[in-house]
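Here is how the chains run, residue by residue.
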Amino acid sequence: MYGLKFKIGTTVYDTVELGLILTDYYLEPPKAKTYYVDVAGRDGILDLSEVLTNRPVFKGREISIECGAMHNKDVWDYELSRLRNLIDGKVCQIIFDNDLGWYWQGRVRITEFERIK
């Protein structure tokens, strides 16, 4: 499985450097932003969705990323705290190693974690 990078400003954090292994991810399908106008005396509805950009524009979408980590239980709290301090709640670019020419930008949230053997 490929890894990914979190870029905040000019600082880049790689999953390998953070001690993480990308195990799974899901990109929500894109939903186009649409803007329709019902003009009196005109058949149908006028679609103005691409007037300003001359291309489709999309709404925000969620990306779910699941990572694993191999840490001794005595340092797990420290590593999770370090990860939260570096990226949680921050707007960053997410760059997948299998597609370095593209990035996703948004706010990162660490929502859950498990401690297992």
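Residues numbered from 1 in each chain as written. Predicted model: local features only at pLDDT ≥ 70, side-chain atom pairs only at ≥ 80, totals over all residues. Heavy atoms only, no water.

Considerations on the sheet that holds strand E1 (residues 4-8)
Here is step 1: As summarised here, the arrangement of the four strands in space is E2-E1-E7-E8, forming an open sheet in which the pairing is antiparallel. Two strands lie at the open edges of the sheet, namely strand E2 (11-14) and strand E8 (104-107), each paired on one side alone. On average, adjacent strands in this sheet sit at an angle of 30° to one another, irrespective of strand direction.
Here is step 2: Summarising the sheet, E1 and strand E7 (residues 91-96) pair through four bridges and their orientation is antiparallel. Bridge pairing links Leu4 to Phe96 in E7. (Pairing = 2+ DSSP bridges. Helix = DSSP H or I, 4+ residues; strand = E, 2+ residues; numbered from the N terminus. Axes fitted to C-alpha atoms, helices over the stretch in contact; angles between N-to-C directions.)

Structural notes on the packing of aromatic side chains
Between two aromatic rings, the relevant description is the distance of the centres plus the angle of the planes.
Here is step 1: The final tally for this structure, using the stated rule, is two aromatic pairs.
Here is step 2: Relative to Trp104, the ring of Trp102 has its centre 6.0 Å away and its plane inclined at 75°; by these criteria the two rings are edge-to-face.
Here is step 3: On the accessibility criterion, Trp104 (23% relative accessible area) is partly exposed. (Phe/Tyr/Trp six-rings, centres within 6.5 Å; stacked < 30°, edge-to-face > 60°. Buried < 20%, exposed > 50% of the residue type's maximum accessible area, 1.4 Å probe, protein only.)

Some points on the nonpolar core
Here is step 1: Within the largest apolar cluster, 13 residues are counted, with the highest numbers of intra-cluster contacts made by Leu4, Phe6, Leu18, Leu83, Ile87, Ile94 and Val108.
Here is step 2: Listed by contribution, the elements that provide at least two residues to this core are E1, strand E3 (20-27), helix H1 (76-87) and E7.
Here is step 3: Beyond its immediate stretch of four places on either side in the chain, Val108 contacts Phe6, Ile87, Asp88, Gly89, Lys90, Cys92 and Ile94. (Core = buried A, V, L, I, M, F, W, Y, C linked by side-chain atoms within 4.5 Å. Contact = heavy atoms within 4.5 Å.)

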